[in-house]
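# Architecture at a glance
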There are 2 protein chains.
Amino acid sequence: MFSKNLVAASLQPVVLTILSRKEAYGYEIMQRALDLSDGRLKWTAGTLYPLMHRLEGRGLIASVWRPSDSGPRRKYYRLTTKGAAVLEADKREWLDFHSILMNLWGSELSVA
Amino acid sequence: MFSKNLVAASLQPVVLTILSRKEAYGYEIMQRALDLSDGRLKWTAGTLYPLMHRLEGRGLIASVWRPSDSGPRRKYYRLTTKGAAVLEADKREWLDFHSILMNLWGSELSVA
DNA sequence: GTGAGCTATATCGTACGGCAATATAGCTGC
DNA sequence: GCAGCTATATTGCCGTACGATATAGCTCAC
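Before going into details, it helps to say that this report is about the structure given with it. (Residues numbered from 1 in each chain as written. Chains lettered and ligands numbered in written order. Predicted model: local features only at pLDDT ≥ 70, side-chain atom pairs only at ≥ 80, totals over all residues.)

The subject of this paragraph is the protein's contact with DNA strand D. Neighbouring DNA strand D are 29 residues, the closest being A:Tyr25, A:Gly26, A:Tyr27, B:Ala8 and B:Gly46. If you list the elements that add at least two residues to the surface near DNA strand D, you get helix H2 (26–36), helix H3 (45–57) and strand S3 (74–79) of chain A together with helix H1 (4–21) and helix H3 (45–57) of chain B. With six residues, H3(B) is the largest single contributor of residues to the surface near DNA strand D. Residues belonging to the surface near DNA strand D are distributed by class as follows: 14 nonpolar, ten polar and five charged. (Near = placed C-beta within 6 Å. Helix = DSSP H or I, 4+ residues; strand = E, 2+ residues; numbered from the N terminus. Nonpolar A, V, L, I, M, F, W, Y, C, P; charged D, E, K, R; others polar.)

Now the structure itself:
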């Protein structure tokens, strides 16, 4: 599992990226993250749902309720135009930061 | 400037990396981070000093007071054996996480 | 000699966010 | 009926970045 801080830094970009592919509901997003990361991005409901509410409050995503034919109803989220722009900014920020770290660690990277 | 979450995720590895080169005092570490990042890692005293205390409390760094011939005395920090091990783990964690993100973003990376 | 400005460390208060725990509810299979 | 999965929501605790504030030594200008 990843450290709390790293999780915090990556939650928003990962969720926005998943939604940039196609709309999805909360529980589905958790499973997708789990799949896409070989089981290492294991979020809980107490992490995900408040995050979705914050993202919606900031206008980065929008939601609609839809019934399910095999269980409780689902709240589907889609990426807004603003959300897509923020995702691009997040990517750039991550890559910028990563290049600083790579520059710092340089050839010392003995990590196999 | 980088987001609060990204700063939180990177503070410990960056400080430990700086100290892995040679011992340094708090104020110096702030300046080194600023230099090493082309001015983008701009930490404040309210961020750095509590962090140094936490790292020392966890046994990752150790400190000694030394007088300065040109100003107030300085508290010099050095990396402990435990700190060096944690730094290696942090690096691995960062690289692991980065590879997940790169896999997620794949060829979509239009970020110039 | 005093006051501005840099060096150097420390702490308090606020705001935010991850996450465990808890609650609710629909569906399936035993 | 009850265990277990699906699906969403909220509360409470803890950790932490960071602005604000305090303290103090040094240097240089006036």
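Moving on, we get to the protein's contact with DNA strand C. Surveying the vicinity of DNA strand C reveals 29 residues, the closest of which are A:Ala8, A:Gly46, B:Tyr25, B:Gly26 and B:Tyr27. Put simply, the parts of the chain that give the surface near DNA strand C at least two residues each are helix H1 (4–21) and H3 of chain A together with helix H2 (26–36), H3 and strand S3 (74–79) of chain B. Among the elements that line the surface near DNA strand C, the one with the most residues is H3(A), at six residues. Split into classes, the residues belonging to the surface near DNA strand C amount to 14 nonpolar, ten polar and five charged.

What follows covers the sheet that holds S3(A). All names here are of chain A. Pairing in this open sheet of three strands is antiparallel, and the strands run S1-S3-S2 from one edge to the other. Of all the strands in the sheet, the pair left with one neighbour each is strand S1 (24–25) and strand S2 (61–66). Taken together, the two bridges between S1 and S3 define a ladder with antiparallel strand orientation. Opposite Ala 24, over in S3, you have Tyr 77 as the bridge partner. Together, S1, S2 and S3 form the strand contacts of H1, whose direction differs from that of S3 by roughly 90 degrees. (Pairing = 2+ DSSP bridges. Contact = placed C-beta atoms within 7 Å. Axes fitted to C-alpha atoms, helices over the stretch in contact; angles between N-to-C directions.)

Bringing helix H4 (residues 81–105) of chain A into the picture now. A turn of α-helix holds 3.6 residues, and therefore any two residues three or four places apart point the same way. The terminal C-alpha atoms of H4(A), which comprises 25 residues, lie 36 Å apart, in line with the 36 Å expected from a rise of 1.5 Å per residue. Among the residues making up H4(A), those that are buried are A:Gly83, A:Val86, A:Leu87, A:Asp90, A:Lys91, A:Trp94 and A:Phe97. As for H4(A), its buried residues are in contact with H1, S2 and S3 of chain A together with H1 and helix H4 (81–105) of chain B. Immediately downstream of H4(A), the backbone of A:Gly106 shows phi near 45 degrees, a positive value. (Expected span 1.5 Å × (residues − 1). Buried ≥ 20, exposed ≤ 12 C-beta atoms within 10 Å, placed from the backbone.)

For the rest of this paragraph, the subject is the sheet that holds strand S2 (residues 61–66) of chain B. Within a sheet, adjacent strands bond to each other through the backbone by hydrogen bonds, running parallel or antiparallel. Residues and elements named next belong to chain B. Strand order across the open sheet formed by three strands is S1-S3-S2, with antiparallel pairing between neighbours. At either margin of the open sheet sits one strand with a lone partner, and together these are strand S1 (24–25) and S2. Seen against the sheet, H1 touches S1, S2 and S3 and runs at an angle of roughly 90 degrees to S3.

Residues and elements named next belong to chain A. An ideal rise of 1.5 Å per residue puts 26 Å on 18 residues; H1 measures up with 26 Å between its terminal C-alpha atoms. Along H1, the sharpest kink reaches roughly 40 degrees, centred on Ser 10 and followed within four residues by the proline Pro 13. Here H1 has its buried residues at Leu 6, Ala 9, Ser 10, Gln 12, Pro 13, Val 14, Val 15, Leu 16, Thr 17, Ile 18 and Leu 19. (Bend = angle between axes of the 7 residues up to and from the residue.)

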